[in-house]
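A structural walkthrough
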Amino acid sequence: MRGTALLRRLIGFGLVWFGALCCAGGALAQSYPVRPIRLIVPFPPSGPNDLFARLAGQMLQESLGQQIIIDNRGGAAGSIGAEAVAKAPPDGYTLLFAGAAVLSTNPAMNPRLPYDALLDFSPVSQIATAPSVLLRHPALPAATVKELIALAKAKPGRLNYASAGNGTNPHLAGELFKVMTGTDIVHVPYKGGGPATTDLIAGQVQLYFAGISAAVPFVKQDRVRAIAVTGAARSPQLPTTPTFAESGLEGYDVSNWYAVLAPRGTPAAVIDALNAAISRGLGSADMRRRIAELGAVPAGSSPAQLGAKMRTEIEKWTKVVRDAKLEVE
């Protein structure tokens, strides 16, 4: 009998404890946020990460009614800012805005990062997906993906492609293309997309995987030619340019993507509040238009969907790095 009574008391205590937690979680969701939120961007101002982060900050600020402070902490390919968030208190007042480089390609290229993309963060929501476009110099006699593959196989090691640097999205887009097609095209890394585009226009390099918004003016001026879009669908900014899949290279899909994350251990009620705020923001026609103007597609998600995407992308790029025999940093 005493054992039964003790068991009943323990069960009762557990129910009270669980109820208290639920009430606390509900109260937290209702009160959060009570002060400004810092959104750390691990790259300098004016770049794509910064531009999308400011849109995300606007969405959060309008929905939550608290100031969102954009904190640019560039350096070490995004590692400095990401590490700062990983070590921040998990209270919802320090968040990370990061793209595919920080969350998938860097982990694939560098096993010694000061953060673990899968273990150090609580996913909140994806914001947008931004495909690139493969550009060629007009003198290169390959107007389609099939023609490019044929030319590369006929001239192994004699074609080249530019990138914005080792490990960047354009670099790995080129390496995936080489792995999938069995071609040998020489990688020429630059210190940024601007110099790479300049040398493509000048004919110093033959190919470059460029951001769509940055590429459109030069395509319209016929200074470069668009071969194919790297995403799953055509871009509204280049409606006549086919995707790689439409061009015969099934399974080729390389898109930059951007997301908001919090430090690991952030309460679920806070994550849910942030996710709901972003979802409301992405439902705005004006916000969707502004994202499209940056060459991207609005792409919200649940926290679980974002976490799954990160795992899939890391696995994908880890395999590309291995198959392409790239030197990890």
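In the block above lies the structure referred to throughout.
Residues numbered from 1 in each chain as written. Predicted model: local features only at pLDDT ≥ 70, side-chain atom pairs only at ≥ 80, totals over all residues. Heavy atoms only, no water.

Considering the overall build of the chain
For the record, the criterion: The way it works is that DSSP assigns letters per residue, a run of H or I at least four long becomes a helix, a run of E at least two long becomes a strand, and they are numbered from the N terminus. Each residue's exposure class comes from its accessible area (1.4 Å probe, protein chains only) as a fraction of the maximum for that residue type: buried when under 20%, exposed when over 50%, partly exposed otherwise. Pairs of residues are marked as contacts when any of their non-hydrogen atoms sit within 4.5 Å. Reported accessibility uses the Shrake-Rupley method at a 1.4 Å probe radius. Residues are deemed covered only where the shown protein chains occlude them. Asp and Glu count as negative and Lys and Arg as positive, but His and the ends of the chain are not part of the count. A charged residue contributes its charge at one atom only: NZ of Lys, CZ of Arg, CG of Asp or CD of Glu.
Within the chain, the secondary structure is distributed over eleven helices and ten strands. Oriented by its inertia axes, the alpha-carbon framework of the chain measures out at about 85 × 45 × 35 Å. Within the span of the chain, comprising 329 residues, buried residues form 47% of the whole. Taking as baseline every contact in the chain between residues at least 6 positions apart, the subset at least 24 positions apart corresponds to 78%. Carbon together with sulfur atoms contributes 57% to the accessible area of the chain, which is approximately 15300 Å² in total. One way to put it: in the chain the 31 positive side-chain charges average out to a point 3 Å from where the 23 negative ones average out.

Notes on the nonpolar core
Rules: The term nonpolar core refers to a set of buried residues drawn from Ala, Val, Leu, Ile, Met, Phe, Trp, Tyr and Cys, joined through side-chain atoms within 4.5 Å.
By size, the foremost hydrophobic cluster in this structure holds 32 residues, and its most contacted members are Leu60, Leu95, Phe97, Ile127, Val260, Leu274 and Ile291. Mapped onto this core, the elements with two or more residues apiece are strand S1 (37–41), helix H2 (48–64), strand S3 (94–99), strand S4 (121–136), strand S9 (255–263), helix H9 (268–282) and helix H10 (285–293). Setting aside anything within four residues of it in sequence, one finds Leu274 in contact with Tyr32, Leu60, Leu64, Leu95 and Val124. Grouped together as the second largest cluster of nonpolar side chains are 29 residues, Val145, Leu159, Phe209 and Ala228 included.

With respect to H9
Applied cut-off: The span you would expect from a helix comes to 1.5 Å times its residue count less one.
For H9, built from 15 residues, the straight-helix expectation of 21 Å at 1.5 Å per residue is met to within 8% by its first-to-last C-alpha distance of 21 Å. Residues Ala269, Val270, Ile271, Ala273, Leu274, Asn275, Ala277, Ile278, Gly281 and Leu282 constitute the buried set of H9.

Re the pairing of strand S7 (residues 207–211)
Note the threshold: Two strands form a pair only when DSSP identifies at least two bridges running between them.
Within S7, four of the five residues are buried, which leaves the element mostly enclosed by the surrounding structure. As judged from the five bridges shared by S4 and S7, these two strands associate in the antiparallel manner. Note that in S7 the partner of Arg136 across the bridge is Leu207. Two elements, strand S5 (residues 159–163) and S7, share two bridges in a ladder whose sense is parallel.

Side note on empty space enclosed by the protein
The following threshold applies: Cavities and pockets are defined on a 1 Å grid built over the protein atoms alone: a cavity is a set of grid points where a 1.4 Å probe fits but cannot escape, while a pocket is an open set with protein on both sides within 12 Å along at least five of seven lines, and lining residues are those with an atom within 4 Å of any such point. Grid points are joined across faces, edges and corners, and a volume is the space filled by probe spheres set on the points.
Counted by the stated rule, this structure contains one cavity of 30 Å³ or more. Reported here for the largest cavity is a volume of approximately 50 Å³. Along the walls of the largest cavity sit Leu134, Leu148, Tyr161, Gly174, Phe177, Lys178, Ile185, Leu207 and Phe209, which together make up its complete lining. Looking at the lining of the largest cavity, the elements that each hand over two or more residues are helix H6 (169–181) and S7. For the lining of the largest cavity, the leading source of residues is H6, giving three residues.

Focus on the side chain of Ser132
In this structure, Ser132 sits in strand S4. For Ser132, a relative accessible area of 7% corresponds to the buried category. In this view, Ser132 contacts Asn169, Ala210, Gly211, Ile212, Ala228, Val229, Thr230 and Val254; residues no more than four positions away in its chain are not counted.

What to know about the layout of surface pockets
Condition: Throughout this entry, Asp, Glu, Lys and Arg are counted as charged residues, while Ala, Val, Leu, Ile, Met, Phe, Trp, Tyr, Cys and Pro are counted as nonpolar. The remaining residues, Gly among them, count as polar.
In this structure, the largest pocket occupies an estimated 1100 Å³ of space. Lining of the largest pocket is provided by 44 residues; of these, Pro48, Asn49, Ala164, Asn256 and Tyr258 occupy positions nearest its centre. Contributing elements (two or more residues each) for the lining of the largest pocket: H2, helix H4 (100–109), S4, H6, helix H7 (193–202), S7, helix H8 (212–220) and S9. Of the residues contributing to the lining of the largest pocket, the split by class is 22 nonpolar, 20 polar and two charged. Roughly 340 Å³ of internal volume is contained in the second largest pocket. Thr129, Pro131, Gly231, Ser255 and Val297 are the residues nearest the centre of the second largest pocket, which is lined by 23 residues in total. Going through the elements one at a time, S4, S9, strand S10 (297–298) and helix H11 (303–323) are the ones with two or more residues in the lining of the second largest pocket. Looking at the lining of the second largest pocket element by element, the count peaks at four residues for H11. When grouped by side-chain class, the residues that make up the lining of the second largest pocket number twelve nonpolar, six polar and five charged.

Concerning the pairing of S3
Across the six residues that make up S3, a large majority, six, are buried. Here S3 shows no split at all, with Thr94, Leu96 and Ala98 on one side and Leu95, Phe97 and Gly99 on the other all buried. Taken together, the three bridges between S1 and S3 define a ladder with parallel strand orientation. Following the sheet pairing, Arg38 is matched in S3 by Thr94. When S3 meets S9, the two strands line up antiparallel, connected through four bridges.

A short note on helix H5 (residues 145–154)
Let me state the cut-off plainly: Think of it as the arc spanned by the lines of direction from the helix axis to the C-beta atoms.
Within H5, burial applies to Val145, Leu148, Ile149, Leu151 and Ala152. Seen from one end, H5 has its buried residues packed into an arc of 165 degrees, which puts them on one side. Of the residues in H5, the exposed ones pointing more than 90 degrees away from the buried face are Lys146, Lys153 and Ala154. Taken together, the buried residues of H5 touch S4, S5, H6, strand S6 (185–189), S7 and strand S8 (225–229).

Notes on the packing of H2 against H9
Here is the rule we go by: To obtain each axis, a line is fitted to C-alpha atoms, and for helices this fit is confined to the stretch in contact; angles are then taken between N-to-C directions over 0 to 180 degrees. The cut-offs work like this: below 35 degrees is roughly parallel, past 145 is roughly antiparallel, 65 to 115 is roughly perpendicular, and the gaps in between are oblique.
The geometry of H2 relative to H9 is characterised by a closest axis approach of 8 Å and an angle of 105 degrees between their N-to-C directions. Judged by the inter-axis angle, H2 sits roughly perpendicular to H9. Judged by residue contacts, Met59, Leu60, Ser63 and Leu64 of H2 engage Ala273, Leu274, Ala277, Ile278, Arg280, Gly281 and Leu282 from H9. The residue inventory of the contact of H2 with H9, partitioned by class, reads eight nonpolar, two polar and one charged.

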